[in-house]
Amino acid sequence: MSELAPAGIDEMAFATAHRVLDLAEIARRNGVEVGKYYVGLGQRRMSVAAEDEDPVTMGAEAARAVLDRAGVAGVRTLVFATESGVDQSKSAGVYAHRLLGLPAHCRVVEIKQACYSATAALQFGLGLVAREPSEKVLVVASDIARYRLGSAGEPTQGAAAVAFLVGANPGLMAIEPVSGIFTAEIDDFWRPNGMSEALVDGKLSLEAYLGALEGAWGDYRSRGGAGFGQIDRFCYHQPFAKMALKAHARLHELAGSDAPAARLDAGLALSREVGNSYTASLYLGLLSLLENDPEDLSGRRVGLFAYGSGCVGEFLAGIVQPGYRTRLRPERTLESLVRRVPVGYEEYRILHELYERPAAQDYGTAAATDGPFRFAGVSGMARRYERRA
Ligand code: HMG
């Protein structure tokens with residue numbers, strides 16, 4: 001059998017919602033010392049969706065940045081990973097497909113398993129590319145994390161999307177074939193049909209996350225995965241920065257390594273600013289690492305841990321490709337953060353409540369954002385999206 005060409009992540013881009021709330025506003029309102037959020041959770045701000053945006057508009061904006069650079073040649077599949085989907089039947093990806101002007105000869109699907117699904121999408125993409133190396137798979141991971149106002153989960157909300165192209169001979173990161181998987185049914189976090197906010201058993205969710213890390217790492221190692229000391233950088237699913245730090249400390253302990261655990265700072269930077277982006281979060285971490293690590297990471301191995309409540313975990317690793325820096329646009333990432341309009345608690349509360357409008361009732365939305373795509377409202381009980389010139 002001939003050697004397969006390396007496959008992995010070729011291009012990547014990020015988008016976030018167009019409003020931002022400093023967590024000090026929530027701390028003040030909830031009578032909590034702000035240090036609990038800034039230091040205890042390690043989070044600073046969170047992106048908040050304006051009236052005319054949702055996971056489709058954010059996902060399409062991130063994907064457009066990828067396609068502007070890479071073009072659409074070879075893209076025959078779009079996998080939209082989300083757990084905050086906008087329809088029970090129609091894929092968010094089909095809306096994005098039209099907004100992006102993708103060709104008709106493109107299969108489109110939406111997948112869900114809490115924050116894990118973008119990693120399943122990556123694996124599906126690698127499978128398709130192994131079968132036909134001339135094809136590319138566009139993965140769009142996009143989510144808005146929402147909990148009840150005043151709840152313990154409230155400061156861990158957020159909104160963002162990452163899009164990436166999976167292809168042969170990738171420009172950013174070749175994904176190694178070994179991966180470790182762990183699944184166990186558990187009620188740590190879920191969102192019943194008809195509810196727009198997640199239900200969560202916070203303490204249990206922390207334990208479930210760390211248990212899945214242990215299970216996935218054990219599977220990874222037993223299948224010949226690299227040892228802890230052979231991995232140069234680590235990225236974890238990041239509901240809040242402290243969780244990634246706890247995960248890293250646990251892995252270090254599990255691995256019984258004498259070497260000091262590598263610092264995570266560069267990979268944590270982006271999520272500290274936007275909050276939990278659920279299934280996009282791990283890839284926000286990866287983008288943040290590639291853009292912010294001061295060292296040249298060419299040839300270095302990065303370990304990736306994906307966790308989706310409920311729960312599924314996967315540990316995998318990739319090798320950063322020479323010349324990766326020429327594929328990155330950190331100034332674009334920064335611009336997405338800087339252009340967000342700050343809101344105070346009251347405006348945030350109104351936006352939070354507006355998000356709960358009945359899905360099957362017609363309404364229009366005010367043009368509140370200036371991104372390339374907007375959610376215009378519902379008419380004929382169907383969601384309407386517009387592309388700006
Ligand atoms: P809590 O119970 O209110 O917080 O909510 P706490 O009492 O555990 O305090 C948090 C940290 O702040 C602690 O640090 C405190 O000591 C510290 P730790 O001991 O853990 O290192 N602290 C302070 N630090 C400095 N100054 C102070 C101060 N006060 C306290 N003044 C909880 C925390 C995470 C439970 C809550 O935010 C929550 O329920 N969040 C949502 C669930 C979640 O994010 N779970 C994470 C794992 S599950 C997951 O990642 C999947 C998920 O993304 C969903 C999906 O898969 O789709 C959520």
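Here the structure is shown first, and the text comes after it.
About the criteria used
Every residue gets a number counted from 1 within its own chain, in the order that chain's sequence is written. Local features in this predicted model are restricted to residues whose pLDDT is 70 or higher, and side-chain atom pairs enter the listing and the counts only when it is 80 or higher, whereas totals over whole chains, interfaces and linings include all residues. Hydrogen atoms and water are omitted, and side-chain values are computed over all heavy atoms in the structure. Put simply, DSSP marks the helices as runs of H or I at least four residues long and the strands as runs of E at least two long, and each gets a number from the N terminus on. The globule rule is 2.2 Å times the number of residues to the power 0.38, and the radius of gyration it is compared with is taken over C-alpha atoms. For this analysis, residues touch if any pair of their heavy atoms sits within 4.5 Å. As used throughout, the charge tally considers Lys and Arg to be positive and Asp and Glu to be negative, leaving His and the chain termini uncounted. Charged side chains are reduced to one point each, which is NZ for Lys, CZ for Arg, CG for Asp and CD for Glu. Strand pairing is defined by DSSP finding a minimum of two bridges between the two strands. In this analysis an axis means a line fitted to C-alpha atoms, helices contributing only their contacting stretch, and an angle means the value between N-to-C directions, from 0 to 180 degrees. A residue counts toward a patch only above 30% relative accessible area and without a salt bridge, and it is joined to like-charged neighbours within 9 Å or, for Val, Leu, Ile, Met, Phe, Trp and Tyr, to nonpolar neighbours within 5 Å. Per-residue and other accessible areas were derived by the Shrake-Rupley procedure at a 1.4 Å probe size, with only the shown protein chains allowed to occlude residues. By salt bridge we mean one thing: a side-chain nitrogen of Lys or Arg within 4 Å of a carboxyl oxygen of Asp or Glu. Only protein chains enter the accessibility calculation, which uses a 1.4 Å probe; a residue whose area is less than 20% of its type maximum is buried, one above 50% is exposed, and one in between is partly exposed. Polar contacts, as counted here, are pairs of nitrogen or oxygen atoms within 3.5 Å of one another; within protein the pair requires one atom able to donate a hydrogen and one able to accept it, and residues that are adjacent in sequence qualify only if both atoms are side-chain atoms.

(A) Summary view of the overall build of the protein chain. Scanning the protein chain from N- to C-terminus turns up 11 helices and 17 strands. A compact globule built from 389 residues would reach a C-alpha radius of gyration of about 21 Å, and the protein chain, at 20 Å, matches this within 12%. Principal-axis analysis of the C-alpha atoms places the extent of the protein chain at approximately 55 × 50 × 40 Å. The contacts in the protein chain between residues at least 6 apart in sequence include a share of 76% that link residues at least 24 apart. If you average the places of the 42 positive and of the 47 negative side-chain charges in the protein chain, the two averages end up 2 Å apart.

(B) Broad picture of the sheet that holds strand β7 (residues 158-168). Strand order in the open sheet formed by nine strands is β5-β4-β6-β7-β1-β8-β13-β12-β11, with mixed pairing between adjacent strands. Looking along the sheet, the strands with just one partner apiece sit at the ends: β5 (107-111) and β11 (233-236). Adjacent strand axes in the sheet meet at a mean angle of 25 degrees when their direction is disregarded. Two elements, β11 and strand β12 (residues 301-308), share four bridges in a ladder whose sense is parallel. Residue pairing for β12: Arg233 is matched across the bridge by Val302. Running over the sheet, helix α6 (residues 202-222) touches β8 (173-183), β11, β12 and β13 (312-320) and is turned about 120 degrees from β8.

(C) Structural context of a negative patch on the surface. Residues Glu185, Asp187, Asp201 and Glu207 make up a contiguous surface patch of negative charge. Residue placement: Glu207 occurs in helix α6. Classification of Glu207 as exposed rests on a relative accessible area of 55%.

(D) Spotlight on the sheet that holds strand β16 (residues 373-379). Taken together, three strands build an open sheet; the order of strands is β15-β16-β17 and the sheet is antiparallel. In this open sheet, the two strands that pair with only one neighbour each are β15 (363-364) and β17 (382-387). In terms of strand pairing, β15 meets β16 through two bridges, oriented antiparallel. Paired with Gly364 across the bridge in β16 is Gly377. Helix-sheet contacts for helix α3 (residues 55-70) involve β16 and β17, and the interaxial angle to β16 is about 150 degrees. Against the sheet, helix α4 (residues 92-100) makes contact with β16 and β17, and its axis sits at roughly 25 degrees relative to β17, the strand it touches most.

(E) Geometry of the side chain of Thr156. Along the chain, Thr156 turns up in the loop between β6 (136-145) and β7. Judged by relative accessible area, Thr156 falls into the buried class, the value being 10%. A distance of 2.7 Å separates the side chain of Thr156 from the backbone oxygen of Gly153, its partner in a polar contact. If near-sequence neighbours (up to four positions away) are discounted, Thr156 is found in contact with Leu41, Ala145, Tyr147, Pro239, Phe240 and Asn276.

(F) Focus on the pattern of salt bridges. Inspection of every chain in the model, using the stated rule, returns 25 salt bridges. One salt bridge in this structure joins Glu11 and Arg327, with 3.4 Å as the shortest N-O distance. Within this pair, whereas Glu11 is found in strand β1 (residues 7-16), its partner Arg327 is found in the loop between β13 and α10 (330-338), the two being separated by 316 residues in sequence. Classification of Arg327 as partly exposed rests on a relative accessible area of 25%. For Arg45, the salt bridge goes to Asp22, with nearest N and O atoms at 3.5 Å. One end of the pair, Arg45, is in strand β3 (residues 45-48); the other, Asp22, is in strand β2 (residues 19-22), with 23 residues separating them in the sequence. Note on Arg45: relative accessible area 28%, which makes it partly exposed. Among the ionic contacts, a cluster of salt bridges with common partners joins Asp10, Glu11, Arg69, Lys136, Arg327 and Arg329.

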